[in-house]
Every structure is written in structure tokens, then in C-alpha cells.
Amino acid sequence: MNRWIDRCSTGIEAVIAFFLAVMVVLVFGNVVLRYGFNSGITVSEEVSRWLFIWVTFLGAVVALKEHGHLGVDMVVQRLPPLGKKICLALGHLVMLYIVWLLFQGSVAQARINWDVTAPVTGASMAVVYSSGIVFSVLAAFILALDLYRLLTGQIADKDLVMIQESEEAVQLQQILGEASEPGNASTLEFAHGSKK
């Protein structure tokens, strides 16, 4: 199951990279054509905006899978393992409810805008709202899988806090983790010295 999820995540990352490349070509090409040739790519702004929306939602799925979303863990870190498990379960249940609301809203908006066409491309505006549908389905799957792993005891105590306080704190923990390995005494001294 983990291997399949990793492959899906890699596929989503490839789609994100492709969308970003298309955005760069459209925007940069449009700038060059406007200033150099007094012309332009008509669909550039509209398609770039849609791709940006899709990149945002797909990136949120990858971040959710990698537990990369930022949060405040001051209280949860100090709780015993049972308290951390209860907080994690409650948090996942609340997130599943929010994802369900997002799914309902996205489906409703996609239905409403199914026959509405974009002014430049003429494509259905449901394309924009379907990004919310895709995100909510994938996010619900990831959250439900994490909740299942929690309830079956497959999550180690050290992994019960699935958010990051800040990127700097994560980097410091990685440095300290590498420094605590045998043969890295100088790195440990450097890490503690830079912390002061």
C-alpha cells in the first residue's frame, strides 16, 4: 500500500512539474511576444490561472501525504502518548469533515458552472472547481489511511505529531539527528554552538 501511495505521490509531483513548466512557457512567451513582436498568447492568462489553482491543490495533497503542513505543536508535544493519539484522532476526524464540506461545495460549484464557458478558451468553468473535488477525494483517502494506521497501532509514538512547528525547527532536528549518529561529534558541537 505504501509503495502504491508513493508512486501516486511521484505521479502527482510529475503533473505539478509539468503544469509549472506550461505556466512558465505561457507567461514568459506572452511577455516576449508582447514586448518583442506586439503580439501575445491569447489564452495565456486564463490557462496559467487555472494551472496555478491545480498546482496549489495538488501540492496540498503531496504536503498532506508527507505531513509537511505547518501547525502549532507546543501543547501536543508535551502530552503523553495516549493524549497525542487522542489529539491526532480528533484532528483527523475534523479534517475529514472539512474535506467532506469542500467536496460537497466543489461538486455543487462544478454542477452550477458546467455550462458556463470561460471567456477566452471557451472551456467549461467546471475545470476550475474539479480541482477541489480531486483534492478532497485524495486528501480524504490519505486522512482515512492515517486514521486507520493510528487505530490499528501502526504509527510509532515518535510519529504521533504529524505537523511541523516551522521549517527551521525541522531543519534543526535533522541536523541534531545527523549529529547524534556515531562519528559526527564535530557536527553535534557545531549544532549546539549555533543554537546558542
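Residues numbered from 1 in each chain as written. Predicted model: local features only at pLDDT ≥ 70, side-chain atom pairs only at ≥ 80, totals over all residues. Heavy atoms only, no water.

A. Region of the structure containing the overall build of the chain. A count of helical and extended segments in the chain gives seven helices and zero strands. The helix and strand sequence of the chain, counted from the amino end, reads α-α-α-α-α-α-α. Residue burial in the chain is summarised as follows: out of 196 residues, 29% are buried. Across the chain, contacts joining residues at least 24 apart in sequence account for 70% of those joining residues at least 6 apart. (Helix = DSSP H or I, 4+ residues; strand = E, 2+ residues; numbered from the N terminus. Buried < 20%, exposed > 50% of the residue type's maximum accessible area, 1.4 Å probe, protein only. Contact = heavy atoms within 4.5 Å.)

B. Geometry of the nonpolar core. Within the largest apolar cluster, 17 residues are counted, with the highest numbers of intra-cluster contacts made by Ile12, Ile16, Phe19 and Leu58. Those elements giving two or more residues to this core turn out to be α1 (2-37), α2 (44-65) and α5 (126-151). The element best represented in this core is α2, accounting for eight residues. With near-sequence residues (within four places) excluded, Ile12 lies in contact with Leu58, Val61, Val62 and Leu138. Counting residues in each nonpolar core, the second largest holds six residues, with Leu88, Leu150, Ile155 and Leu160 among its members. (Core = buried A, V, L, I, M, F, W, Y, C linked by side-chain atoms within 4.5 Å.)

C. Main features of the packing of aromatic side chains. Enumeration over the complete set of coordinates arrives at four aromatic pairs. On the basis of an interplanar angle of 80 degrees and a centroid distance of 6.0 Å, the ring pair of Trp4 and Phe141 is categorised as edge-to-face. On the criterion of sequence distance, the pair formed by Trp4 in helix α1 and Phe141 in helix α5 is long-range, its members being 137 residues apart. Note on Trp100 and Phe103: the rings are 5.8 Å apart at their centroids and 25 degrees apart in plane angle, and the pair reads as stacked. Here the residue Trp100 and the residue Phe103 both occupy positions in helix α4 (residues 81-112), the gap between them amounting to three residues, near one helical turn. Under the relative-accessibility criterion, Trp100 is labelled partly exposed at 44%. Taking relative accessible area as the criterion, Phe103 reaches 26% and is therefore assigned partly exposed. (Phe/Tyr/Trp six-rings, centres within 6.5 Å; stacked < 30°, edge-to-face > 60°.)

D. How the structure looks around α1. In this model, α1 (36 residues) spans 51 Å end to end at C-alpha, consistent with the 52 Å of a helix rising 1.5 Å per residue. Residues of α1 that are buried: Ile5, Ser9, Ile12, Ile16, Phe19, Met23, Leu26, Gly29 and Asn30. Of the surrounding elements, those touching the buried residues of α1 are α2 and α5. Remark: Asn38 follows α1 within two positions and exhibits a positive phi of approximately 55 degrees. (Expected span 1.5 Å × (residues − 1).)

E. Structural context of a nonpolar patch on the surface. Taken together, the side chains of Val94, Tyr97, Ile98, Trp100 and Leu101 define a hydrophobic patch exposed on the protein surface, amounting to about 520 Å² of accessible area. With respect to the helices, strands and loops of the structure, Tyr97 is situated in helix α4. (Patch = residues over 30% accessible without salt bridge, like charges linked within 9 Å, V, L, I, M, F, W, Y side chains within 5 Å. Areas by Shrake-Rupley, 256 points an atom, 1.4 Å probe, with all protein chains shown as cover. Salt bridge = Lys/Arg side-chain N within 4 Å of Asp/Glu carboxyl O.)

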